[in-house]
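Residues per chain, in single letters:
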Amino acid sequence: IRETIEFTNRAARLGAQSALVLTPCFFGNSMNSAAMIDYFSQVADHVNIPVLLYNVPKFTHVNIEADAVKELAKHPNIIGMKDS
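Here's a quick rundown of the structure. In every chain, residue numbers begin from 1 and rise along the written sequence. Residues qualify for local features only when their pLDDT is at least 70, as the model is predicted, and side-chain atom pairs are given and counted only at 80 or more; totals for whole chains, interfaces and linings, by contrast, use all residues. Values shown for side chains rest on all heavy atoms present in the structure; no hydrogens or waters enter the calculation.

Moving on to the overall build of the protein chain. Counting its regular elements, the protein chain contains four helices and three strands. Order of helices (α) and strands (β) in the protein chain, N terminus to C terminus: α-β-α-β-α-α-β. Using C-alpha atoms as the atom set, the radius of gyration is obtained and then compared with a globule rule of 2.2 Å times the number of residues to the power 0.38. In terms of overall size, the protein chain behaves like a compact globule, its C-alpha atoms giving a radius of gyration of 12 Å where 84 residues would be expected to give roughly 12 Å. When its C-alpha atoms are laid out on the principal axes, the protein chain stretches across 35 × 25 × 20 Å. Buried residues are those whose accessible area, probed at 1.4 Å on protein chains only, stays under 20% of the maximum for their type, while exposed residues exceed 50% and partly exposed ones sit between those limits. Across the 84 residues of the protein chain, 37% fall into the buried class. For every accessible area listed, the method is Shrake-Rupley and the probe measures 1.4 Å; residues are considered covered only by the protein chains on display. Split by element, the accessible area of the protein chain, about 5200 Å² in all, is 53% carbon and sulfur. Each helix is a run of DSSP H or I of at least 4 residues and each strand a run of E of at least 2, with the numbering of both proceeding from the N terminus.

On to the packing of aromatic side chains. Side-chain rings of Phe, Tyr and Trp, where Trp is taken by its six-membered ring, are said to pair if the distance between their centres is within 6.5 Å; with planes under 30 degrees apart they count as stacked, over 60 as edge-to-face, and otherwise as tilted. For the structure shown, the criterion picks out two aromatic pairs. An angle of 90° between the planes, with centres 5.2 Å apart, marks the rings of Phe26 and Phe27 as edge-to-face. Residue Phe27 is classed as exposed on the basis of its relative accessible area, which comes to 57%. Relative to Phe40, the ring of Tyr39 lies with its centre 5.2 Å away and its plane at 80°, an arrangement referred to as edge-to-face. As far as burial versus exposure is concerned, Tyr39 and Phe40 are alike and both buried.

Of the two faces of strand E1 (residues 19-22), the one lined by Ala19 and Val21 is fully buried and the one lined by Leu20 and Leu22 carries no buried residue. Here, any two strands with at least 2 DSSP bridges between them count as paired. With four bridges connecting them, E1 and strand E2 (residues 51-55) associate as parallel partners. Counterpart to Leu22 in the pairing with E2 is Tyr54. A clockwise path from the first strand over the helix to the second, with the strands pointing away from the viewer, defines a right-handed crossover. Where the polypeptide runs from E1 across helix H2 (residues 33-46) and back to E2, its parallel neighbour, the crossover connection is right-handed.

A word on the sheet that holds E2. Taken in spatial order, the three strands of this open sheet run E1-E2-E3, and their pairing is parallel. Both outer strands of the open sheet, E1 and strand E3 (78-83), are each paired with one neighbouring strand and no more. The average undirected angle you get between the axes of adjacent strands in this sheet is 30°. As paired elements, E2 and E3 share five bridges and run parallel to each other. If you follow Leu52 over to E3, its bridge partner there is Gly80. Contacts from H2 reach E1, E2 and E3 within the one sheet, and its direction differs from that of E1 by about 155°. Between the N-to-C directions of two axes lies an angle of 0 to 180 degrees, each axis being a line fitted to C-alpha atoms and, for a helix, fitted only over the stretch in contact. It only takes one pair of heavy atoms within 4.5 Å for two residues to be counted as in contact.

This is the structure in structure tokens:
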């Protein structure tokens, strides 16, 4: 989370207008809806540009579930999602 926030804010300082943030996948089966909500909420709370969720299970081997997307859609700094 710390590195994602750091890199996203660096991109913002360089002119990025939004960030496409990949689903966390480093703990595999632990990446349930609660973990996804926590991760993306923390990132969105601490970055200076809007966040788009990026779900690409083919490469990450995790899938963000609809209940997590529904909850995250309420966050004012999460503006959309790319679902590959």
